[in-house]
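# Reading the structure
Listed here are the chains, written in short residue letters.
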Amino acid sequence: MQRAGKGKTPRRHGPKKATNTEKDPVGVYCRIRPLGAEDEECCVEMISSSTIQLHAPDGLKANRNGEYKETQYTFKKIFGINTTQLELFEDIAKPLVDDLIDCKNGLLFTYGVTGSGKTFTMTGSPGEGGLLPRSLDMLFNSISSFQAKRFVFKPDEKNGMEIQNQVDALLERQKRDSQQSVPKTPSSRQRADPEFADMISAEEACKSENVDEDCCYSVFVSYVEIYNNYIYDLLEDAPFDPIRPKWLGGGTPVRNNEFIPPQSKILREDQNHNMYVAGCTEVEVKSTEEAFEVFWRGQKKRRTANTQLNRESSRSHSVFTVKLAQAPLDADGDHILQDKNQVNVSQLCLVDLAGSERTSRTRAEGSRLREAGNINQSLMTLRTCMEVLRENQMYGTNKMVPYRDSKVTHLFKNYFDGEGKVRMIVCVNPKADDYEETMLVMRFAEMTQEVEVARPADGPIYVLPAGRRQRNQAFKDELSRRLEERGGHSTSDDPDLLNQLIESLPALPSSEVVDPFDDQTLPRLVEVLEKRRHIRQMISEQFKTKANTLMSMLQQFDNQHNAKETFLHNQQGKLNEKDKMIVTQRTELERLEKKSKMLEYKIDILQKTTDMYEQDKRSLQQELETREQRLQRELSERRRMEQRMHGVVTDTRHKWEKECERRVNAKQLEMQNKLWVKDEKLKQLKAIVTESSSSSGGGGCSTECPEKPARPSREKDRNITQKRSASPSPAPMAPPIHPMHRRSHSAGGEKWVDHKPSSNLDLDTVMQPIIPNAIKVSTPNEKALSKCHKYVLRHQELDSDGEIETKLIKGNVFKTRGGGQAVQFTDIETLTQECPTAPSRKRRSGSAEGPVQRADAENLPPVPSTSSSYGFQKRRKP
C-alpha cells in the first residue's frame, strides 16, 4: 500500500504572489430588476449598455427645496430588466468556471440594497436557474467523464488536499456505506425538492472546451454564512437534543428562537498564507443534482426574516465555495499519478451579500436591528478596504488595508492580493423609494472599478505525453472485443492478439542465413528471443501476483460479507424487540402528550401574564432611566454654566482692575508733569523778578528794604498727589539752592546707568560729564536698570542761537509691583557753550520753557544751571 500524497494550496507552483506586474481591474456589472408595479415611480434609466442614469424623485426635490442633477455611472456592462439568467451567466460566470478548470481562483459576489434581487441573481427560481446552479451544471458537464472515484481525493482539514490510492479509497467507500443506514437516491431527492428539478433546461446546458482529458477531477463544496460577524457552517450536522431546553439559562433566546445555535467557526491561515474557515464541512459531490441538493440543505438553515421592504430578507452573508481538485494520470493512462506535487486545487466562491438597509425604513427593532447594524458595518468595512486599496494603487501610498475589521473582508483577503479574478454584480431596484440608498451603492461600485487585482498565473504544464487516457481506453476496448470474439477463453493461441499485447517487446532481427560461416545472425536471434522470454516471464509473474492479490481481496470481501450478514441477522432480532418496546412506549407517549398539552396551555397563560408585567417593568425602567439621564444632563449643564460664568466674572474683574490701575497711574503722571511745569514757570518768574528788582535798585537792595515774603509751600498738593498715585511717590524736593553753588548729584558714590544715545555728538569742551561707577548703554534695558540705583540721560538739542545744548536728565530707579523697573526723574542739568565776543541777547536757561529775554544779561558768563522736577516712570508692560 502506497503512502497517501498531500496536495497544497495555492493552485499553482511557485511563490504565492504573482511575479508579473500585469493587473486587471475588478469587473463590476450592474443588473436592473423590474418594478413591482407598473404605476410605481422609476428613478433609474439605462442610457447605454455601459451607462446608467439616476433621476431624483419628485418628492425628494420638494423636501430638499432644490433641483437634483441627474447623475450618470459607468460600468463594464449593464443588464436591463429583460435580461435572462442565461445571458447573465454567459457574460459573468462562465469565464470564471473556465478559469476554475484551468487551475485559477475566482470570486463572484452580489451587492445592493435589500430587495434588489441579489438572491434571485445568485440562486434563481424553478425554470430560471441563477448563476450558482448554472455554474455547477457547466462544471459537471465538462468533467463528468473524467471524475475520479470517491475518496481518491480527501481534504486534510488544513486547506489542502490529500490523494489516496485505489485500495484506501475503496476502504473509505465501504466504511461510508456501512455507516449509512438508508442511502439517498436521486429519485428520493427529487421527490423531496421537486421545485428544483427543472432549474436548467437541456437546451441551456453548456460545457467548457479547456478540459485536460489526461487528468482526474473531484469536486468539493462547502457552504457557510456570516451572521453578526460570526461564521457558521450551514452543512454541519447538529443533532437535535429534545432534552435540552429551547432557552438558555440567562433567558436569552437562541438562534431562530428555536434551538441552541451551533458553534461558530474561526478563520485561519494555511502554510501558503491563504485564509480558510477552520473545521468547515467539505462534501464531495459527483453530479449537479447532488451538489444542488447539498446547497439546498444548507440554504434551509440560512437566516432570513420578514421586513417592511422584503418578505424574505437575507440576514446574513452566504458563501458557497466550489473547490476543484485535479491530478494527472500516470504514463499508462490508467491510474492517478501518486505525486503530491502534481495535485492542484482551485476554488470558486459565490457570495450573496446581505442588503444594506436603513432602519428608519425597515422599522427594525430588537434582534432585527442588531442584524441590520452588523450588516451595514461589514459592508462599510468592505467599502473602506476598497478605498484604501484604490488610494495605495493610485497615489503610491502604503496604508494598511483593514481586512481584519470584518469576517467578510478577512476571508477574501487573498483575492484582492492577487489570488484570482474578482467580479461584482450590483443589483439595483429602480423604484423611487430606494433612490438615496441606490445612489450610495452606485458610488461605491464605480469606485471599486478603479481597484486593480494582480492577474493570476497560468495553469501548470505536465511533462507527461498527451493522449494517455485515449490510448489506454482504446487498448481496453480492443481487448474486450477480442475477448468477446474468443468467447472469454485464453488468448495465448491467437497470434494477432498476442502481438497486440506484446507490441512493446523488442523486435525480431532478420534470421536469413546465406553464408554457412555466418556466426552472428543466429546468436543475435537467440539473444533477442532470450530477452523476449525474460520479459514474458516478468509479465507472467506480475499477472500471477495481481491475481493472487485479487483472490485474497475477494476472500476478504467474502469474509466481510458473511460477517455483515451475521451482524444483520442479530440486528434484526434486536430490532423486533425494539418494535415491541416502541409500541409500549408509544402508548405512554400519547398519555404524556395529553398531559403536556394541558401544561403547555397553563404555561402560555403564565407566559402572557409574565410578558405583560415584564413589558410594564421595562417601560417604567426606561422612563426612569430617561428622567435620570435628563436630570443628570441638566445638573451637569448647570455646573458647567456656573463654572463658565464664574470664570467670565473673574476675567472681567481682573481686566477692569488692570484697566483702572492703568488709567489712575496715567492720570497721576499727567498731573505730576503739569505740576512740575507750573513749578518751573514760577521759579523762572521769581528769578526774573528778583534780577529785575536788583538791577533797578542800583545793584541790589539796601538793608532797609523789607524781605519779600516766601511763596507758600506746595507740600499739601504733593501729599494729595501721593495719596492718589498707585506708584511710588517722588522724593520731596530740597530747598532751592542757587545753581552756581549747588554740587552735582552725579558726584556721589551710587551706581549709575549712563544712557547716551548713539545719535549724540562728541563736543570738544573742557568740561565733560564724567560719572564714576556707571554702566554705559545706548539703549536702556531692564537688566542694566536692575543693577543700579540712579539713571541719567544725555540729551542734545539746538538752542535759539544755533548752539548745541546738552541736558543731563537724572532720576532714581525703583522696583514696581509687577516685578519690573521704573525711573522717577528728579533733576535736570543743562550744559551750554557760548562765545564771549559774539553778541547775544538770549538768556540760557535749563527750564522746560523757552528763553526769557533780558537786556542786562549779555555780559554774564555761561553758568550750568540745575532744576528739580518730578519725572515720569518707565514701566514694564503687564
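Just so it is clear, the structure is predicted and the values come from calculations on it, not from any experiment.

### Notes on the overall build of the protein
Across its full length, the protein holds 17 helices and 29 strands. Considering only contacts within the protein whose residues lie at least 6 apart along the sequence, 72% involve residues at least 24 apart. Of the roughly 54,600 Å² of accessible surface on the protein, a fraction of 52% belongs to carbon and sulfur atoms.

### Here's the deal with the side chain of Asn429
For Asn429, the location among the structural elements is in the loop between strand E22 (421–428) and helix H12 (435–448). Here the side chain of Asn429 touches Gly115 through a polar contact of 3.4 Å, landing on its backbone oxygen. Apart from residues no more than four positions distant in its own chain, Asn429 is found in contact with Arg33, Gly115, Ser116, Asp434 and Thr438.

### Considerations on the packing of aromatic side chains
Aromatic rings considered in pairs are described by the distance between their centres and by the relative angle of their planes. The final tally for this structure, using the stated rule, is 8 aromatic pairs. Note on Phe292 and Phe295: the rings are 5.3 Å apart at their centroids and 45° apart in plane angle, and the pair reads as tilted. Residue Phe292 and its partner Phe295 are located together in helix H7 (residues 288–299), separated by 3 residues, close to a single helical turn. Across the pair, exposure class does not vary: Phe292 and Phe295 are buried alike. Put simply, the rings of Tyr223, Phe292, Phe295 and Phe320 touch in pairs and so form one group of aromatic residues.

### Focus on the pattern of salt bridges
Counted by the stated rule, this structure contains 28 salt bridges. A salt bridge links Glu450 to Arg390; the nearest nitrogen and oxygen atoms lie 2.3 Å apart. Taken together, the positions of Glu450 in the loop between H12 and strand E23 (452–454) and Arg390 in helix H9 (residues 367–395) put the pair 60 residues apart, joining distant regions of the chain. Arg390 gets classed as partly exposed once you look at its relative accessible area, which sits at 23%. The salt bridge involving Arg591 is made with Glu588; its shortest N-O contact spans 2.3 Å. With Arg591 and Glu588 both in helix H15 (residues 521–696) and 3 residues apart, the pair spans about one turn of that helix.

### A closer look at the packing of helix H2 (residues 85–101) against helix H4 (residues 131–143)
Two numbers describe how H2 lies on H4: the axes approach to 9 Å, and their chain directions differ by 50°. Between H2 and H4, the angle is such that the two are oblique. For the pair H2 and H4, the sense of crossing is right-handed. Contacts between H2 and H4 involve Gln85, Leu86, Leu88, Phe89, Ala93, Lys94, Val97, Asp98, Leu100 and Ile101 from the former and Leu131, Arg134, Ser135, Met138, Leu139 and Ser142 from the latter. Looking at the contact of H2 with H4 residue by residue, the classes come out as 10 nonpolar, 3 polar and 3 charged.

### Things to note about the nonpolar core
Counting 55 residues, the largest nonpolar core has Ile52, Phe75, Phe412 and Met442 as its most contacted members. Leaving out residues up to four positions away in the same chain, Phe412 has contacts with Leu107, Val319, Cys349 and Val351. Residues Ile101, Phe146, Leu235 and Leu348 belong to the second largest nonpolar core, which totals 43 residues.

### Looking at the sheet that holds strand E6 (residues 71–74)
Strand order in the open sheet formed by 3 strands is E4-E5-E6, with antiparallel pairing between adjacent strands. Sheet topology places strand E4 (44–46) and E6 at the edges, where each strand pairs with a single neighbour. On average, adjacent strands in this sheet sit at an angle of 25° to one another, irrespective of strand direction. The sheet contact formed by E4 and strand E5 (residues 51–54) spans 3 bridges and is antiparallel. Bridge pairing in E5 places Met46 opposite Ile52.

### Examining helix H13 (residues 468–485)
Helical geometry: 3.6 residues make up each α-helical turn, so side chains three or four residues apart lie on a common side. An ideal rise of 1.5 Å per residue puts 26 Å on 18 residues; H13 measures up with 26 Å between its terminal C-alpha atoms. If you check which residues of H13 are buried, you get Arg468, Arg469, Asn472 and Arg482. Looking straight down H13, one finds that the buried residues subtend no more than 165° of arc, so they occupy a single side. More than 90 degrees from the buried face of H13, the exposed residues found are Gln470, Glu484 and Glu485.

### Details of the packing of H4 against H7
At a minimum axis separation of 9 Å, H4 and H7 run at an interaxial angle of 150°. Considering their axes alone, H4 and H7 lie roughly antiparallel with respect to each other. Regarding H4 and H7, the two cross each other, and that crossing is right-handed. Across the interface between the two elements, Leu132, Pro133, Leu136, Asp137 and Phe140 of H4 pack against Thr288, Ala291, Phe292 and Phe295 of H7.

### Some details on the side chain of Gln326
By the element assignment, Gln326 lies in strand E20 (residues 317–328). Among the polar contacts made by the side chain of Gln326, one reaches the main-chain carbonyl oxygen of Ile101 at a distance of 3.2 Å. The contact partners of Gln326, leaving out residues within four places of it in the chain, are Leu100, Ile101, Cys103, Phe153, Cys215, Cys216, Tyr217, Gln342, Val343 and Asn344.

### Some words on the confidence of the model for the protein
When pLDDT is low, close inspection of the predicted coordinates is not appropriate. In the predicted model, the protein carries a mean pLDDT of 77, and 74% of its residues have values of at least 70. Within the protein, the lowest mean pLDDT, 36, falls on strand E29 (residues 865–868), and the highest, 95, falls on strand E3 (residues 27–32). Within the model, pLDDT remains below 50 along residues 840–878, and this stretch shows 100 contacts once partners closer than five positions in the same chain are excluded.

### Section: the environment of Glu70
Residue position: Glu70 is located in the loop between helix H1 (58–64) and E6. A relative accessible area of 45% means that Glu70 is categorised as partly exposed. The contacts of Glu70, once residues within four sequence positions are left out, are Gln53, Leu54 and His55.

### A look at unusual backbone geometry
Phi angles above zero are rare outside glycine, and Cys103 is one such case at about 65°. Counting through the fold element by element, Cys103 comes out in the loop between H2 and strand E8 (106–112). Backbone geometry at Phe151 places phi at a positive 70°, although glycine is not the residue there. Along the chain, Phe151 turns up in the loop between H4 and strand E11 (153–155).

### Some remarks on the environment of Gly27
Counting through the fold element by element, Gly27 comes out in strand E3. For Gly27, a relative accessible area of 3% gives the class buried. Separated by 49 residues in sequence, Gly27 and Lys76 have C-alpha atoms that sit 6.6 Å apart. Excluding residues that lie within four positions of it along the chain, Gly27 makes contacts with Lys76, Val422, Arg423 and Met424.

### What to know about H12
With 14 residues, H12 should cover 20 Å at 1.5 Å per step; its first-to-last C-alpha distance of 20 Å lies within 8% of that length. Taking burial as the measure, the 14 residues of H12 include 10 buried ones, the bulk of the element. Inspection of H12 places Tyr435, Glu437, Thr438, Met439, Val441, Met442, Phe444, Ala445, Met447 and Thr448 among the buried residues, and these make up the whole buried set.

Basis of the calculations
- Residues numbered from 1 in each chain as written.
- Predicted model: local features only at pLDDT ≥ 70, side-chain atom pairs only at ≥ 80, totals over all residues.
- Heavy atoms only, no water.
- Helix = DSSP H or I, 4+ residues; strand = E, 2+ residues; numbered from the N terminus.
- Contact = heavy atoms within 4.5 Å.
- Areas by Shrake-Rupley, 256 points an atom, 1.4 Å probe, with all protein chains shown as cover.
- Polar contact = N/O pair within 3.5 Å; in protein donor to acceptor, adjacent residues only side chain to side chain.
- Phe/Tyr/Trp six-rings, centres within 6.5 Å; stacked < 30°, edge-to-face > 60°.
- Buried < 20%, exposed > 50% of the residue type's maximum accessible area, 1.4 Å probe, protein only.
- Salt bridge = Lys/Arg side-chain N within 4 Å of Asp/Glu carboxyl O.
- Axes fitted to C-alpha atoms, helices over the stretch in contact; angles between N-to-C directions.
- Parallel < 35°, antiparallel > 145°, perpendicular 65-115°, else oblique.
- Left-handed = near helix turned anticlockwise from the far one by under 90°.
- Nonpolar A, V, L, I, M, F, W, Y, C, P; charged D, E, K, R; others polar.
- Core = buried A, V, L, I, M, F, W, Y, C linked by side-chain atoms within 4.5 Å.
- Pairing = 2+ DSSP bridges.
- Expected span 1.5 Å × (residues − 1).
- Arc of directions from axis to C-beta.
- pLDDT = per-residue confidence, 0-100.

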